[in-house]
Amino acid sequence: EAGVAQSPRYKIIEKRQSVAFWCNPISGHATLYWYQQILGQGPKLLIQFQNNGVVDDSQLPKDRFSAERLKGVDSTLKIQPAKLEDSAVYLCASSERLYEQYFGPGTRLTVT
Amino acid sequence: EDKVVQSPLSLVVHEGDTVTLNCSYEVTNFRSLLWYKQEKKAPTFLFMLTSSGIEKKSGRLSSILDKKELFSILNITATQTGDSAVYLCAVSYRGGTSYGKLTFGQGTILTVHP
């Protein structure tokens, strides 16, 4: 079974630029999550999708972050404009059953 | 505010040692506690604990949950250099708008020297 795919794996941008990350979940997984993991901390949930719909985006900084899940499969997470404190690893996860999440390799973002 | 706190933050041991990692939590609508291992990439699932006092084992790893005292421990016996990683504890929620959400602790960095 193929795992969760993410791209790009690494991205370096300057502050105030825009960036987008892509995630392809495991086939058949209805639930998709985006996490932000700052160095030395555990992952923090940004947004959770159930099929096309948003279940929880309470910790998403909506003034600069946006996310969508096209046709209930792939998802993109965008940051516009980026700030220095957005430097982190962005993890995508998917699950079939709600409590067993499978994580992708992550995108390491550096904002200079 | 929901909290998941892990201790110690880092641990350095030698191969063959036994280690115990701790996770305490204060959350509303608790459903289960999960342990993940994170090497230089994505977290990989180790255990999910829902009931108090029932030990889960996988090889040299074992874990138990105490729902009265609100903590869990992860034990690793006869450690190997391949056990070096960040160990993450997370809690999941019973229902409401947090259904399916995971709240993670900050992780314990384990380093095993040969």
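Here goes a summary of the coordinates provided. (Residues numbered from 1 in each chain as written. Chains lettered and ligands numbered in written order. Predicted model: local features only at pLDDT ≥ 70, side-chain atom pairs only at ≥ 80, totals over all residues. Heavy atoms only, no water.)

Right, let's get into the overall build of chain B. Summing up its helical and strand segments, chain B has zero helices and eleven strands in all. In sequence order, the secondary structure elements of chain B are arranged as β-β-β-β-β-β-β-β-β-β-β. Relative to its length of 114 residues, chain B is compact, with a C-alpha radius of gyration of 14 Å against a globular reference of 13 Å. Reported as C-alpha extents along the three principal axes, the dimensions of chain B are approximately 45 × 30 × 20 Å. (Helix = DSSP H or I, 4+ residues; strand = E, 2+ residues; numbered from the N terminus. Rg over C-alpha atoms; globule rule 2.2 N^0.38 Å.)

Let's shift gears to the interface of chain A and chain B. Tallying the contact residues gives 19 residues for chain A and 21 residues for chain B. Across the chain A/chain B interface, buried area totals approximately 1600 Å², and carbon plus sulfur atoms make up 58% of it. On the surface where chain A and chain B come into contact, there are zero salt bridges. Counting across the chain A and chain B interface gives two residue pairs in polar contact (both at pLDDT 80 or more). (Contact = heavy atoms within 4.5 Å. Buried area = accessible area lost by both parts, 1.4 Å probe. Salt bridge = Lys/Arg side-chain N within 4 Å of Asp/Glu carboxyl O. Polar contact = N/O pair within 3.5 Å; in protein donor to acceptor, adjacent residues only side chain to side chain.)

Now for the environment of Val4(B). Residues and elements named next belong to chain B. Looking at the element boundaries, Val4 is found in strand 1 (residues 3-7). Residue class for Val4 comes out buried when judged on its relative accessible area of 9%. Distance in space between the C-alpha atoms of Val4 and Cys23 is 6.9 Å, their sequence separation being 19 residues. If we skip the residues at most four places from it in the chain, Val4 touches Cys23, Ser24, Tyr25, Cys89, Val91, Thr103, Phe104, Gly105 and Gln106. (Buried < 20%, exposed > 50% of the residue type's maximum accessible area, 1.4 Å probe, protein only.)

Time to look at the sheet that holds strand 8 (residues 75-79) of chain A. Residues and elements named next belong to chain A. The strand order 1-3-8-7 describes an open sheet built from four strands, whose pairing is antiparallel. Looking at the sheet topology across the chains shown, the edges are occupied by strand 1 (5-7) and strand 7 (65-69). With strand direction ignored, the average angle separating the axes of adjacent strands in the sheet is 15 degrees. Two strands pair when backbone bridges link them, and strand 7 and strand 8 are joined in this way by five bridges, in the antiparallel orientation. Of the residues in strand 8, the one forming a bridge with Glu68 is Thr76. (Pairing = 2+ DSSP bridges. Axes fitted to C-alpha atoms, helices over the stretch in contact; angles between N-to-C directions.)

Applying the stated criterion across every chain, the model contains four salt bridges over all chains. With a shortest N-O distance of 3.7 Å, Asp57(A) and Lys62(A) are connected by a salt bridge. Residue Asp57(A) is classed as partly exposed on the basis of its relative accessible area, which comes to 26%. Between Glu26(B) and Lys3(B) there is a salt bridge, and its shortest N-O distance comes to 3.9 Å. Residue Glu26(B) is found in strand 3 (residues 19-26), and its partner Lys3(B) is found in strand 1; the two are separated by 23 residues along the sequence. The class for Lys3(B) is partly exposed, based on a relative accessible area of 43%.

Tyr25(B), Phe30(B), Leu33(B), Trp35(B), Tyr87(B), Val91(B) and Leu110(B) are the most contacted members of the largest nonpolar core, which has 23 residues in total. For this core, the elements supplying multiple residues, two or more each, are strand 3, strand 4 (30-38), strand 5 (43-49), strand 7 (61-66), strand 8 (71-76), strand 9 (85-93) and strand 11 (108-113) of chain B. Here this core takes five residues from strand 9 of chain B, the largest share from any one element. Contacts of Tyr87(B), omitting those with residues within four sequence positions, involve Gln6(B), Leu21(B), Tyr36(B), Lys37(B), Leu46(B), Leu74(B), Ile76(B), Gly107(B), Thr108(B) and Leu110(B). Within the second largest apolar cluster, 21 residues are counted, among which are Ile13(A), Ile47(A), Leu60(A) and Leu109(A). (Core = buried A, V, L, I, M, F, W, Y, C linked by side-chain atoms within 4.5 Å.)

Any functional reading would require information that these geometric values do not contain.
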